[in-house]
Amino acid sequence: MNYTTVVKGQNLIKEYKNFKLDIPEFEIPQGFATALIGENGAGKTTLLNMLSGIRLDFKGDITYFDKYSVNEKELNPEVKNSIGYTGPGKYFLPTWTVGDIETISELIFDNFDKDRFRELCNRLALFGDHDFDPKKKNSDLSDGTKMKLMLATVLARDTKLLILDEPASPLDPLMRDVLNSMIGDYINNGEGNHTVFFSTHNVADMESITDYAIIMEHGKIVEKGFVDELKE
Amino acid sequence: MIKIHKAVVGSRYFNITNVLVPLVFVIIGTIYRFFIGGVYPEIFVFIQAWLMIYEISTEYFGYGAIYRKNNFGMEYLKTSINGMDLVKKSMLSDSILRIIRTIAYTLLPGILVSRSVDDPAVIVVFALALANVSVWSVSFTRFVTMYGFLVMISSPFLIVGLIIDVLCINKFINAMPVIIALILLLAGGVIFTQIFASKKIKESYKDLM
């Protein structure tokens, strides 16, 4: 299948005490939903952190949108702000409320749509049957609700690439279907220009929307390809 | 910048530490000065110690232990080109607000009722010593997760601040040169805090072993 790549990586190396991520070649096809599959400890979060700019201490080259290096991406607002990321760990300050997160998003992203954010919060049932509550503290939210809040913030922006670290893991089955539907809509609405790259350790969670799969083990890519080709 | 700072630390923390509590301190201090008059120096030093502990403690509820290894957090801000600049501006605002509020609730009650502890210069020393403790301690308290350790790790600043207060009250040293020294130290504290914060922000992009 012919495709353009939205992200291309070469000779990516990152070392920890007992682990080494070593990827000679890596690419994410544009306009598709790509799943990064691997067990816990395979290196998925490490790779996603490198791609999203959360961590910049690695060796190798990454090219975004066929044009921009890591440094160029970090310094170019149009490119940087067109990439959305959600991840585990310390994403928001625990003391932030939903209202604070909304205000901060408006301050740091020109393309953040407040109305769309609130609409997404409702669609993802962030507050259950209750109305939007800006005073709700991030630290009071369950893991699943925190993930929904992260997803609402990135989907409320006009982006071209979404990098999502284990988005389905903390969600209940009903919300996983909603998430899959949202990802499907995001890609379809992009007319070939919207790409989603997500990690998962359980393929079944997001199999229905996965077009391309990259399988990782012990810091290396062991298999990759379009799902239909891999199945064959 | 205030809007940015309020967004980063949270509106509740901002309103309590920069508006509500200072207002309460000013009102209590003014009422006390108006009805009772000057404050015995020994009691004022005791109040100063309490205020220093209060100022040190506020950091526990603000940024928290963001300087601990791999604990900076706020990764959401890293996904934007100006997210971390927001943090730097917020921290600068924090330093400046600490200076303004500590000087306000130390000096205002005396100014409002035109009474002071004998020598007005000593009150200025108190205000500047408190401001210095508040500004300098954050570069250490932002490493600490447990409240008890937070006060313990900041105790050297507290002790030095109180020693300066006691020496000035008892006129063992002249207040004027101390005021100049404390102003310079305060400026140094703000600059140090910003440089240290920038260093920690840069480090947060690495996985520290």
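Residues numbered from 1 in each chain as written. Chains lettered and ligands numbered in written order. Predicted model: local features only at pLDDT ≥ 70, side-chain atom pairs only at ≥ 80, totals over all residues. Heavy atoms only, no water.

**Thoughts on the overall build of chain A**
Part 1: If you tally the helices and strands in chain A, you get 9 helices and 9 strands.
Part 2: Its C-alpha atoms put chain A at 50 × 40 × 40 Å along the principal axes.
Part 3: Within chain A, counting contacts between residues at least 6 apart in sequence, those at least 24 apart form 68% of the total.
Part 4: For chain A, the accessible area works out to roughly 10700 Å², and carbon and sulfur atoms hold 44% of it.
Part 5: Seen as two clouds, the 26 positive and the 38 negative side-chain charges of chain A have centres 6 Å apart. (Helix = DSSP H or I, 4+ residues; strand = E, 2+ residues; numbered from the N terminus. Contact = heavy atoms within 4.5 Å. Areas by Shrake-Rupley, 256 points an atom, 1.4 Å probe, with all protein chains shown as cover. Lys, Arg positive; Asp, Glu negative; His and termini not counted. Charge placed at Lys NZ, Arg CZ, Asp CG, Glu CD.)

**Comments concerning the pattern of salt bridges**
Residues and elements named next belong to chain B.
Part 1: A complete count under the given rule lists 19 salt bridges over all chains for this structure.
Part 2: Measuring nitrogen to oxygen at the nearest pair gives 2.9 Å for the salt bridge that ties Arg-98 to Asp-94. Taken together, the residues span about one helical turn, with Arg-98 and Asp-94 both in helix α5 (residues 83–113) at a distance of 4 residues.
Part 3: Residue classification places Arg-98 among the buried positions, given a relative accessible area of 1%.
Part 4: Accessibility expressed as a relative area gives 1% for Asp-94, which makes it buried.
Part 5: Ionic contacts of the salt-bridge type, sharing partners, join the residues Glu-55, Glu-59, Asp-94, Arg-98, Arg-101 and Arg-142 into one network. (Salt bridge = Lys/Arg side-chain N within 4 Å of Asp/Glu carboxyl O. Buried < 20%, exposed > 50% of the residue type's maximum accessible area, 1.4 Å probe, protein only.)

**Some details on helix α7 (residues 173–189) of chain A**
All names here are of chain A.
Part 1: Between its terminal C-alpha atoms α7 stretches 24 Å, which fits the 24 Å expected from 17 residues at 1.5 Å a residue.
Part 2: For α7, the set of buried residues is Met-175, Val-178, Leu-179, Asn-180, Met-182, Ile-183, Gly-184, Tyr-186 and Ile-187.
Part 3: Its buried side turned inward, α7 meets β3 (33–37), α5 (114–123), α6 (143–155), β6 (161–164), β7 (195–200) and α8 (203–206). (Expected span 1.5 Å × (residues − 1).)

**Observations concerning the interface of chain A and chain B**
Part 1: In this complex, chain A contributes 32 residues to the contact, which on the side of chain B involves 30 residues.
Part 2: Carbon and sulfur atoms supply 60% of the area buried between chain A and chain B, which totals about 2800 Å² over both sides.
Part 3: Of all residues in chain A, Arg-55, Lys-90 and Ile-108 of chain A give up the largest surface area on contact with chain B, accounting jointly for 22% of the area buried on that side.
Part 4: At the surface where chain A touches chain B, the tally comes to 3 salt bridges.
Part 5: Inspection of the region where chain A meets chain B yields 16 residue pairs in polar contact (both at pLDDT 80 or more).
Part 6: Elements represented by at least two residues in the side of chain A that touches chain B include exactly β1 (5–15), α2 (70–75), α3 (77–80), β5 (83–86) and α4 (98–108) of chain A.
Part 7: Considering each element in turn, the side of chain A that touches chain B owes the most residues, 6 residues, to α4 of chain A.
Part 8: Classifying every residue of the side of chain A that touches chain B by side-chain character gives 16 nonpolar, 7 polar and 9 charged. (Buried area = accessible area lost by both parts, 1.4 Å probe. Polar contact = N/O pair within 3.5 Å; in protein donor to acceptor, adjacent residues only side chain to side chain. Nonpolar A, V, L, I, M, F, W, Y, C, P; charged D, E, K, R; others polar.)

**Overview of the confidence of the model for chain B**
Part 1: Of all residues in chain B, 97% have pLDDT values of 70 or greater, and the mean over the chain is 85.
Part 2: Quick note on the complex model: pTM equals 0.87, ipTM equals 0.88. (pLDDT = per-residue confidence, 0-100.)

**Considerations on the nonpolar core**
Part 1: The biggest cluster of nonpolar side chains holds 99 residues, and the ones touching the most others in it are Phe-26 and Leu-51 of chain A.
Part 2: When neighbours within four sequence positions are excluded, Leu-51 of chain A is seen to be in contact with Val-7, Phe-26, Ile-28, Ile-62, Tyr-64, Lys-73, Ile-163 and Phe-197 of chain A.
Part 3: Within the second largest apolar cluster, 36 residues are counted, among which are Val-125, Val-135, Cys-168 and Ile-169 of chain B. (Core = buried A, V, L, I, M, F, W, Y, C linked by side-chain atoms within 4.5 Å.)

**Some remarks on the environment of Asp-61 of chain A**
Residues and elements named next belong to chain A.
Part 1: Relative to the elements of secondary structure, Asp-61 occurs in strand β4 (residues 59–64).
Part 2: Through-space distance from the C-alpha of Asp-61 to that of Gln-10 is 5.2 Å; in sequence the pair is 51 residues apart.
Part 3: Once you skip the residues sitting within four places of it in the chain, Asp-61 turns out to touch Lys-8, Gly-9, Gln-10 and Leu-12.

**Considering the packing of aromatic side chains**
Given two aromatic rings, their pairing is described by the distance between the two centres and the angle made by the two planes.
Part 1: The tally for this structure, following the rule as stated, stands at 26 aromatic pairs over all chains.
Part 2: When the ring of Phe-32 of chain A is compared with that of Phe-226 of chain A, the centres are 5.1 Å apart and the planes differ by 75 degrees; the resulting orientation is edge-to-face. Here Phe-226 of chain A lies in strand β9 (residues 220–226) and Phe-32 of chain A lies in the loop between β2 (20–29) and β3, a separation of 194 residues in the sequence.
Part 3: Consider the rings of Phe-140 of chain B and Phe-157 of chain B, whose centres lie 5.2 Å apart with planes at 50 degrees: the pair is tilted. Pair noted here: Phe-140 of chain B is in helix α6 (residues 120–141) and Phe-157 of chain B is in helix α7 (residues 147–169), with a separation of 17 residues, a long-range link.
Part 4: Every member of this aromatic cluster is reached through a ring pair, and the members are Tyr-85, Tyr-91, Phe-92, Trp-96 and Phe-109 of chain A together with Tyr-76 of chain B.
Part 5: Arg-157 of chain A extends its terminal NZ or CZ atom over the ring of Phe-109 of chain A, reaching a point 3.6 Å from the ring centre.
Part 6: The ring of Phe-65 of chain A has Lys-160 of chain A sitting right over it, with the charged end atom 6.0 Å from the ring centre. (Phe/Tyr/Trp six-rings, centres within 6.5 Å; stacked < 30°, edge-to-face > 60°. Lys NZ or Arg CZ within 6 Å of the ring centre and 35° of its normal.)

**Some details on the sheet that holds β5 of chain A**
Residues and elements named next belong to chain A.
Part 1: The sheet built from 6 strands is open, its strands ordered β5-β6-β7-β3-β8-β9 with mixed pairing. Either end of the sheet is taken by a strand with one partner, and the two such strands are β5 and β9. Strand-to-strand, the axes of this sheet are offset by a mean angle of 15 degrees, without reference to chain direction.
Part 2: The pairing of strand β8 (residues 212–217) with β9 spans 6 bridges and is antiparallel. If you follow Glu-217 over to β9, its bridge partner there is Lys-220.
Part 3: Packing against the sheet, helix α1 (residues 44–52) makes contact with β3, β5, β6, β7 and β8, and its axis sits at approximately 150 degrees to β7.
Part 4: Across the sheet, α6 touches β5 and β6, and the angle it forms with β5 is around 175 degrees. (Pairing = 2+ DSSP bridges. Axes fitted to C-alpha atoms, helices over the stretch in contact; angles between N-to-C directions.)

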